[in-house]
Amino acid sequence: MKSLIAAALMLGAMALPATAQERLSVALDWTPNTNHVGLYVAQAKGWFKDAGLDVEILPYTDTSSGTLVATGVAEFGILSSIGFYSQRATGADLTVVMAVMQHETGRLVFNGEREDIQRPADLDGMTYAGFGSAWEQALISTIIQNDGGKGEFETVTLGTSAYEALANGTIDFTLEVSTWEGVNSVLLDRPQRAFRYADYGVPDQHTTYLGSNGTWLKANPETARAFVEAAQRGYAFAAENPEEAAEMLIAETGGMLSNPELVRASMQAIVDGGYLQDEGEPVGLIDADMFGNITKFMFEAGVMRDADGKRLEEMPDVSTWFTNAYQKQ
């Protein structure tokens, strides 16, 4: 009789529906690229599902990922560092929970065949193709001035068209992400030279974050931890297996990445450059000193503005702007 009861209970349990998975969405800061690889690896490996989550990776739109997260449209988002700091200064409900990139991937670039550009001071009076942010002016002026120049240059806003303009000589210099546009310039056989920001007094920084809505985090700590740990696991896998991770990214994005060679080369550049992980530290760890240093730089440069567009008068307390508490240490 006992065995019959046990069997009946087992069959009853098997007949019960599986526990409903909690649905979450994560917004991207751009069209899919290697900065997002950990999310797609976690999706492909089923690690979100294993954590009890049904995760939707939202397609990129004209609305910034930070806005989607701050307003509660998405629970998580990939955030560019400069976009995050600017929005947080205005009071946006954003908290970063993981550093996707451990170091600055940006650099100032120019045609590698230019003999008249040997140092940043040579850029005085030249034409820069930019993307329309106050950060760019502060960044480039600092680099030039710290090399002894005046920090005076002409600016035209071209967005991603800047790279074609640089190649055809329409403009003199621009900024790029070394692990994407920089890799692509090599594939296209476009010789470039570059100046690293940190060599000219600009603090190193985490250039990309995973962030969330601060209010939602406080109300859903266990769900947040489950998501962040799965994403962290995805990025850790990518750090150890760049080739396999690149193939997962290509497959999971269903044809959105039209240049697989660029994806593979970019993934390798990220790992070779040590951008995903510092030795002896877990993937995703946010460095408090780096976080504070770049915020101070932006504050002193007048880049940080309040909700009314006025320059912040006091350096904000950034200790509540980030947390490592949801990561697996």
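Look up: the structure comes first, before these words.
As the structure is a computational prediction, the values presented were derived from the model and not from experiment.

1. Thoughts on unusual backbone geometry
The backbone phi angle of Asp 189 is positive, close to 60°, even though this residue is not glycine. Along the chain, Asp 189 falls in the loop between α8 (178-187) and β9 (192-195).

2. As for the packing of helix α10 (residues 221-240) against helix α11 (residues 242-252)
Packing of α10 against α11 leaves a shortest axis separation of 5 Å and a crossing angle of 125°. In terms of orientation, α10 lies oblique with respect to α11. Along its contact with α10, which presents Phe 237, Ala 238, Ala 239 and Glu 240, the element α11 presents Pro 242, Glu 244, Ala 245 and Met 248.

3. Focus: the environment of Asp 122
When you line up the elements, Asp 122 lands in the loop between β5 (106-111) and β6 (127-130). Excluding its chain neighbours within four sequence positions, the residues that come into contact with Asp 122 are Asp 116 and Ile 117.

4. Quick notes on the pattern of salt bridges
Side chains carrying opposite charge are able to pair once their charged atoms draw close together. Overall, the coordinates contain 9 salt bridges when judged by the stated rule. Across the pair Asp 199 and Arg 196 runs a salt bridge, and its minimum N-O distance is 2.8 Å. Across the pair Arg 264 and Glu 247 runs a salt bridge whose closest N-O atoms are separated by 2.5 Å. Residue Arg 264 is found in helix α12 (residues 260-272), and its partner Glu 247 is found in helix α11; the two are separated by 17 residues along the sequence. The partly exposed category is assigned to Glu 247, whose relative accessible area is 35%. Overlapping salt bridges, with partners in common, bring together Arg 114, Asp 116 and Asp 172 in one network.

5. Side note on empty space enclosed by the protein
Counted under the stated rule, the structure contains 1 cavity of 30 Å³ or more. Counted as a void, the largest cavity has a volume near 30 Å³. As for the largest cavity, its lining consists of Ala 27, Leu 28, Leu 58, Pro 59, Tyr 60, Thr 61, Thr 63, Ser 65 and Leu 68. Of the residues that constitute the lining of the largest cavity, the class distribution is 6 nonpolar, 3 polar and no charged.

How each quantity is defined
Residues numbered from 1 in each chain as written. Predicted model: local features only at pLDDT ≥ 70, side-chain atom pairs only at ≥ 80, totals over all residues. Heavy atoms only, no water. Helix = DSSP H or I, 4+ residues; strand = E, 2+ residues; numbered from the N terminus. Axes fitted to C-alpha atoms, helices over the stretch in contact; angles between N-to-C directions. Parallel < 35°, antiparallel > 145°, perpendicular 65-115°, else oblique. Contact = heavy atoms within 4.5 Å. Salt bridge = Lys/Arg side-chain N within 4 Å of Asp/Glu carboxyl O. Buried < 20%, exposed > 50% of the residue type's maximum accessible area, 1.4 Å probe, protein only. 1 Å grid on protein atoms, 1.4 Å probe; cavity = no way out; pocket = protein on both sides within 12 Å on 5 of 7 lines; lining within 4 Å. Points joined across faces, edges and corners; volume = space filled by probe spheres on them. Nonpolar A, V, L, I, M, F, W, Y, C, P; charged D, E, K, R; others polar.

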